[in-house]
Amino acid sequence: MGRAAAQGTIHVSAINIRDYSVEKHKKVDDYPYGGGAGMLMQAQPVYDAWKAVTDAIGHPVRTVYLTPQAQVFTQAEARSFAQEEDLILLCGHYEGIDERVLETIVTDYVSIGDYVLTGGELPALVLIDSISRMVPGVLSNADSGIDESFSENLLEYPQYTRPEEWMGKKVPEILLSGHHAKVEAWRKEQSILRTKERRPDLLEDNE
Ligand code: SAM
């Protein structure tokens, strides 16, 4: 990612929502109506920060709110987001963000897993990493993003590198055969076996 950013293939900016607070102490949170634990981010600074970014870009931009209240992020979504020229990733904090601004600006809701983090920053970094590697020119070997786990809803096959034997364990014979078609067939079979064993839900998604 560092290399891609240096080459200008991707560009990432962090916007501090606090800079858009109109409150003298740059506060961006307040108590939730109806009571309950914690604080909520207010609509105004979130909207103004978003508006400044979209105005600077000059065209409508897919705006992704990172939230545990969404379907879990997938490789297919990473590929879809990678098609966009620009993306806004909105990070919540405290107990989240006033619903009204979410209704106004958010186009996509994305969770990175069924657990709760303190803020959307780590989820945003997860998205940036996975989306960037789907952008042409970011991975050094253009093929390495095609054949890996979650392509065709399968996990990747087991892989081996030198030496041929390590702690008495040998590399599967077929991989040393130089027979490209047989290697491909073995890898496909291993992918299916591994997916059945570790993530059978992915195979159900294919049906
Ligand atoms: N009160 C919220 C709820 O119960 O759904 C949780 C708020 S969480 C403490 C604060 C922020 O962290 C959220 O607004 C969101 O941006 C981010 N966040 C937490 N868990 C996340 C997850 N699994 N995926 C994506 N973002 C998450």
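Report on the accompanying structure. (Residues numbered from 1 in each chain as written. Predicted model: local features only at pLDDT ≥ 70, side-chain atom pairs only at ≥ 80, totals over all residues. Heavy atoms only, no water.)

With that out of the way, let us pick up the overall build of the protein. A count of helices and strands for the protein gives 7 helices and 7 strands. Along the protein, helices and strands appear, N-terminal first, in the series α-β-β-α-β-α-β-α-β-α-β-β-α-α. Taking 207 residues into account, the globule formula puts the C-alpha radius of gyration at 17 Å, and the protein, at 22 Å, lies well above it. Referenced to the eigenvectors of the C-alpha coordinate spread, the extents of the protein come out at roughly 70 × 40 × 35 Å. A fraction of 69% describes how many contacts in the protein between residues 6 or more apart in sequence connect residues 24 or more apart. Of the roughly 13800 Å² of accessible surface on the protein, a fraction of 52% belongs to carbon and sulfur atoms. Separation between the mean location of the 20 positive side-chain charges and that of the 33 negative ones in the protein comes to 5 Å. (Helix = DSSP H or I, 4+ residues; strand = E, 2+ residues; numbered from the N terminus. Rg over C-alpha atoms; globule rule 2.2 N^0.38 Å. Contact = heavy atoms within 4.5 Å. Areas by Shrake-Rupley, 256 points an atom, 1.4 Å probe, with all protein chains shown as cover. Lys, Arg positive; Asp, Glu negative; His and termini not counted. Charge placed at Lys NZ, Arg CZ, Asp CG, Glu CD.)

Our next topic: the pattern of salt bridges. In total, this model carries 8 salt bridges according to the counting rule given. Among the salt bridges present, the one from Asp55 reaches Lys51, with a minimum N-O distance of 3.0 Å. A residue pair is termed a helical-turn pair when its members lie 3 or 4 positions apart in one helix, as Asp55 and Lys51 do in helix α2 (residues 43-57) at 4 residues. Among the residues examined, Lys51 registers a relative accessible area of 31% and is labelled partly exposed. Glu148 serves as the salt-bridge partner of Arg133, at 2.7 Å between the closest nitrogen and oxygen. Within this pair, whereas Arg133 is found in the loop between α5 (121-132) and β6 (165-166), its partner Glu148 is found in the loop between α5 and β6, the two being separated by 15 residues in sequence. Judged by its relative accessible area of 27%, Arg133 falls in the partly exposed class. (Salt bridge = Lys/Arg side-chain N within 4 Å of Asp/Glu carboxyl O. Buried < 20%, exposed > 50% of the residue type's maximum accessible area, 1.4 Å probe, protein only.)

Moving on to the packing of aromatic side chains. Evaluation of the coordinates by the stated rule reveals 3 aromatic pairs. When the ring of Tyr47 is compared with that of Trp50, the centres are 5.6 Å apart and the planes differ by 40 degrees; the resulting orientation is tilted. Of this pair, Tyr47 and Trp50 both sit in helix α2, 3 residues apart, which is roughly one turn of that helix. Taking the relative accessible area as the measure of exposure, Tyr47 reaches 29% and is therefore partly exposed. In this structure Trp50 comes out as buried when scored by relative accessible area, which is 18%. Taking the centre distance of 6.4 Å and the plane angle of 20 degrees together, the rings of Phe73 and Phe81 count as stacked. We note that Phe73, like Phe81, is buried. (Phe/Tyr/Trp six-rings, centres within 6.5 Å; stacked < 30°, edge-to-face > 60°.)

Take the site of the ligand next. Taken together, 21 residues lie near the ligand, and Tyr65, Leu66, Gln69, Gly92 and Tyr115 sit nearest. Taking Gly119, its main chain carries an N or O atom lying 3.4 Å from an oxygen atom of the ligand. Here the ligand has 580 Å² of accessible area as a free molecule, and 87% of this is covered by the chains. (Near = heavy atom within 4 Å. Polar contact = N/O pair within 3.5 Å; in protein donor to acceptor, adjacent residues only side chain to side chain.)

Moving on, we come to helix α6 (residues 180-198). Counted at 1.5 Å a residue, the expected span for α6 with its 19 residues is 27 Å, and the 27 Å between its end C-alpha atoms agrees. Those residues of α6 lying buried are Val183, Trp186, Gln190, Ser191 and Thr195. Buried residues in α6, looked at end-on, bunch into an arc of 165 degrees, giving them a common side. Exposed side chains of α6 directed beyond 90 degrees from the buried face belong to Ala181 and Lys196. (Expected span 1.5 Å × (residues − 1). Arc of directions from axis to C-beta.)

Turning next to the sheet that holds strand β5 (residues 108-110). Sheet architecture is open: 3 strands sit in the order β4-β3-β5, paired in parallel fashion. Lying at the two open borders of the sheet, with one neighbouring strand each, are β4 (87-91) and β5. Going across the sheet, the axis of each strand differs from the next one's by a mean of 25 degrees, ignoring polarity. As defined by bridge partners, strand β3 (residues 62-66) adjoins β5 across 3 bridges and the pair is classed as parallel. When the bridges of β5 are listed, Tyr65 appears paired with Tyr109. (Pairing = 2+ DSSP bridges. Axes fitted to C-alpha atoms, helices over the stretch in contact; angles between N-to-C directions.)

Treat this as a map of the structure, not an account of what it does.
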